[in-house]
Structure formats: structure tokens, C-alpha cells
Amino acid sequence: MERIKMSDVTDLLGLHGADRNSFYVRCPCCDTEKGKHLNINLKKEVFRCARCGEAGGIFDLYALFTGTPREQTRRAIIERIGVYQPQIRRSEPEVRPIENPLAPVTTRHKTYMGFLSVLSLTDKHRANLRGRGLPDSAIERLGYKSMPMGSGTALAHRLDEWRLPLSGVPGFFRTHSGERSFVHQQEGILIPVRDPQGQIQGLQVRLDDTDRRKFRWISSGTFSCGSKAQGWVHLAGQPKERIILTEGPMKADVINALTGRTVLAVSGVNALAKLEEALSHLRQAGLREIKTAFDMDYCTNWYVQKGHEELLRLLARMGFRYGTYVWDPRYKGLDDFIWEKLKAELQK
């Protein structure tokens, strides 16, 4: 096989620009729908985001956009080029992976429930969740499991035998041999992301042993016959007149378990695309007041501040009463602060 080029990877990822040598795309780490700060230089075969500083080469770009561990990117790229672009010459028409349309949430929920039922939770991950304040009863109720490290094809085959639909369910795709499989990630905790009816819309994974982008969507939109995750909003608890709005499904689950308060979570302070739709549905269920509770670094991080201000404008435009919780900045998240205070009370 010929040497992998940056253009091979941008073709696989569907990243294109008007300039043949250098162009800008949205950075998955920091850009909103309106921003494009990540420059890809095909001639030098490097990339860099002018906003957050994320940078690297060919394999780093693939890892950034797919969540594939850096050491596994070469093998993944070779397999995908073999699937979608066998022996492609530059003069031949471009061939792209076929993406399946997203399945209805009822279908995704049914498949994800079956998928999670065959997985387990490692002792290390259970200890991590307990250390956040989640008792075993909450862990079981929420459906947290460890990311499968075995064959994704074997798992998909088992679900096929149960007649669970995999088409249109993010995370599942077809291999070069035509078999169904599940995307491979590094070790981490799988987090079910639920709608107000408690149905699993999609999955996130909290990756182990990484300091950057710990939380990532399980998605297969760039794989053959796969489907892309859509940044869904997660509800922990029953719809009520007053709720807390925070960042991250796991954080919402912990706050709900510790306080009984209903918590709505976006995947990031700048990821508001699905929020307005969710708030409209919750208003019909009686929602009137929202308290935001994003990590305390919003006080010093201008990028987070900008996203928080945009969020408050959205709440005002929709006519909700709103305010913002603040707490001891030694604790990054509201979940950390509440858990430390509860532990202190228990020790008295």
C-alpha cells in the first residue's frame, strides 16, 4: 500500500475546502457551528487550531475527529481506505462511505438497552463512580457500563441474533467484509444519554488515562453504513417546574443522585443546538425556572464565558426565569462541591 497522505485522511473524514493546499474546518474541541479555526495544510501534512492550539500530523487529525486511540489510527485508516477506496487513483471519482440516516429514538433505545445488557462494569470503573458519590443502586439504574475491549463484530452478531436493529444506531457500522461491528475506543465508562421519557438517545464514553476531551460521543458517521451522534441533551430526573442546567450527562446524573433535583445537561457550554428543542418540550411539561451550574472555570475562561452568555440570551429569549449557581471555586463542578459537603456532614 502507498504511504498514507493527509489528503487520504481528510477524504475519509469528509473534510474539504476550496483551496487544494490549505483550508479551515470546524475544530471539534472548541468551535461552534459558526466557527472554523482549525487549519489543515495538505502540502505540509499538518493541522493546527488557531483558537485552542490543538495541532499535529496525519494520525493526530484522524484521532481527533474519530476518538480512535493515537496508536491505533494507522491500522484504522488502512482498513477504511481498503473498504471505501480500494486501489483508488487520484484521477478516479471520489468514493465516500455511505452514512445511514439516524434511527428513531425508540429503536436506538431498544438496541442500546440490549447492547448494555451484555456488557459489564469493571471494578476500577465502579470505584470511580462510587468516588463521585454514586451508590451501586444508582449505577445499576443509570446503566453505566465499561467500554467493550473485545470484538465489536462478535457483539454486533449477538445483537443481530436477538433481532435488534443496528442500522441507524450510532456506534455500529459495516466492516470491509460486510459484517456489522461496533466502533473501537480505548478503555472508559459508557454513559447512556437519555431524553425526558428516559429513552437512550445515544452513548457517551468517559475515556481513561487522557487529559484532553475525556468525554466523547459514540459515533460511526464516518464509517461505512454508520450513523453520526447528534449532541443530544440529557435529562436526569423527572421534568419539573424548576431544574438545574449543567454540562455533561455524568455530572447531571451525579447531581440528581445526590440531591434529587432534576438536572438537564448539554454536552458543552457551546453545544446548544439541541437545547432549545429540549426546553420547548420541557416547558410543555411545566418547566418555568432554570438555574445554570457550569464548572467554575467559566469565571476565568473567556471562551466558556462567551458560551454561557449565549446560553443566558437563549433562556431570556424563550421567556424562562433563570439564574446562575456559584460555589467555592476550589471545587470545579457543582457535583464535586455537593459531594464534598455531604461527605463532611457524614463524618461529623
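In this text the structure is predicted, and so the values were computed from the model without any measurement.

1. Here's the deal with the sheet that holds strand E2 (residues 38-41)
Here is step 1 of the chain: Spatial ordering of the open sheet is given by E1-E2-E3-E4, a layout of 4 strands whose pairing is antiparallel. The strands lining the two open edges of the sheet, one partner per strand, are strand E1 (22-25) and strand E4 (55-56).
Here is step 2 of the chain: In this sheet, strand E3 (residues 46-49) lies alongside E2 in antiparallel orientation, the contact comprising 4 bridges. The residue of E3 that forms the bridge with Leu38 is Cys49.
Here is step 3 of the chain: Across the sheet, helix H1 (residues 6-13) touches E1, E2 and E3, and the angle it forms with E2 is around 135°.

2. Remarks on the sheet that holds strand E15 (residues 321-324)
Here is step 1 of the chain: Strand order in the open sheet made by the 5 strands is E11-E13-E12-E14-E15, with mixed pairing throughout. The sheet terminates laterally at strand E11 (234-236) and E15, the two strands that pair on one side only. Within the sheet, the average angular offset between the axes of one strand and its neighbour, ignoring direction, is 25°.
Here is step 2 of the chain: Examined bridge by bridge, strand E12 (residues 242-247) and strand E14 (residues 289-292) share 4 bridges and lie parallel to one another. Its bridge partner being in E14, Arg242 is matched across the sheet by Glu289.
Here is step 3 of the chain: Strands in contact with helix H8 (residues 249-259) are E11, E12 and strand E13 (263-266); relative to E11, the strand with the most contacts, it is inclined by about 15°.

3. Observations concerning the nonpolar core
One recurring pattern in soluble globular proteins is that nonpolar side chains are buried together.
Here is step 1 of the chain: Judged by nonpolar contacts, the single largest core of 42 residues is most densely connected at Leu38, Ile40, Leu61 and Phe115.
Here is step 2 of the chain: By size, the runner-up hydrophobic cluster in this structure holds 24 residues, among which are Ile139, Ile189, Ile244 and Trp327.

4. Notes on the environment of Arg242
Here is step 1 of the chain: Structurally, the position occupied by Arg242 is in strand E12.
Here is step 2 of the chain: Judged by its relative accessible area of 46%, Arg242 falls in the partly exposed class.
Here is step 3 of the chain: Considering only alpha carbons, one finds Arg242 and Leu287, 45 residues apart in sequence, at a separation of 6.1 Å.
Here is step 4 of the chain: Within the structure, the side chain of Arg242 is placed 3.2 Å from the side chain of Glu289, a separation counted as a polar contact.

5. Re the environment of Leu13
Here is step 1 of the chain: By secondary structure assignment, the location of Leu13 is in helix H1.
Here is step 2 of the chain: For the pair Leu13 and Thr222, spaced 209 residues apart in sequence, the C-alpha to C-alpha distance is 6.1 Å.
Here is step 3 of the chain: Not counting chain neighbours up to four residues away, the residues in contact with Leu13 comprise Leu61, Tyr62, Phe65, Thr66 and Thr222.

6. Notes on unusual backbone geometry
Across residues other than glycine, the phi torsion is negative in most instances, and most of the peptide bonds are trans.
Here is step 1 of the chain: For Arg163, which is not glycine, the phi torsion reads 60° and is therefore positive.
Here is step 2 of the chain: Non-glycine residue Cys225 carries a positive phi angle of around 60°.
Here is step 3 of the chain: Along the polypeptide, Cys225 turns up in the loop between strand E10 (215-217) and E11.
Here is step 4 of the chain: For Cys225, a relative accessible area of 18% translates into the label buried.

7. A closer look at helix H11 (residues 334-346)
Here is step 1 of the chain: Under the 1.5 Å per step criterion, the end-to-end length of H11 is 18 Å for 13 residues, consistent within 8% with the ideal 18 Å.
Here is step 2 of the chain: Where H11 is concerned, the buried positions are Leu334, Asp335, Ile338 and Trp339. In an axial view of H11, the angular spread of the buried residues amounts to 125°, which keeps them on one side of the axis.

8. Let's talk about helix H9 (residues 275-284)
Here is step 1 of the chain: Here H9 has its buried residues at Leu275, Ala278, Leu279 and Leu282. Buried positions in H9, seen along its axis, are confined to an arc of 100° and lie on one side of it.
Here is step 2 of the chain: The first or second residue beyond H9 is Gly286, which carries a positive phi of 110°.

9. Thoughts on the side chain of Asn41
Here is step 1 of the chain: As for its placement among the helices and strands, Asn41 is situated in strand E2.
Here is step 2 of the chain: Each residue touching Asn41, except ones within four places of it in the same chain, is listed here: Met6, Asn21, Ser22 and Val46.

10. Quick notes on the environment of Cys29
Here is step 1 of the chain: Summarising the element assignment, Cys29 is placed in the loop between E1 and E2.
Here is step 2 of the chain: By relative accessible area, Cys29 is classed as partly exposed at 31%.
Here is step 3 of the chain: Sequence separation between Cys29 and Glu54 is 25 residues, and the spatial gap between their C-alpha atoms is 8.0 Å.
Here is step 4 of the chain: The contacts of Cys29, once residues within four sequence positions are left out, are Cys52, Glu54, Leu64 and Arg213.

11. Topic: the pairing of E12
Here is step 1 of the chain: Strand direction decides the pairing type here: E12 and E13, joined by 4 bridges, are parallel. Within E13, the residue paired with Glu247 across the bridge is Val266.
Here is step 2 of the chain: Handedness of the crossover joining E12 and E13 through H8: right-handed.

Scoring rules and cut-offs
- Residues numbered from 1 in each chain as written.
- Predicted model: local features only at pLDDT ≥ 70, side-chain atom pairs only at ≥ 80, totals over all residues.
- Heavy atoms only, no water.
- Pairing = 2+ DSSP bridges.
- Helix = DSSP H or I, 4+ residues; strand = E, 2+ residues; numbered from the N terminus.
- Contact = heavy atoms within 4.5 Å.
- Axes fitted to C-alpha atoms, helices over the stretch in contact; angles between N-to-C directions.
- Core = buried A, V, L, I, M, F, W, Y, C linked by side-chain atoms within 4.5 Å.
- Buried < 20%, exposed > 50% of the residue type's maximum accessible area, 1.4 Å probe, protein only.
- Polar contact = N/O pair within 3.5 Å; in protein donor to acceptor, adjacent residues only side chain to side chain.
- Expected span 1.5 Å × (residues − 1).
- Arc of directions from axis to C-beta.
- Right-handed = clockwise from strand over helix to strand, strands pointing away.

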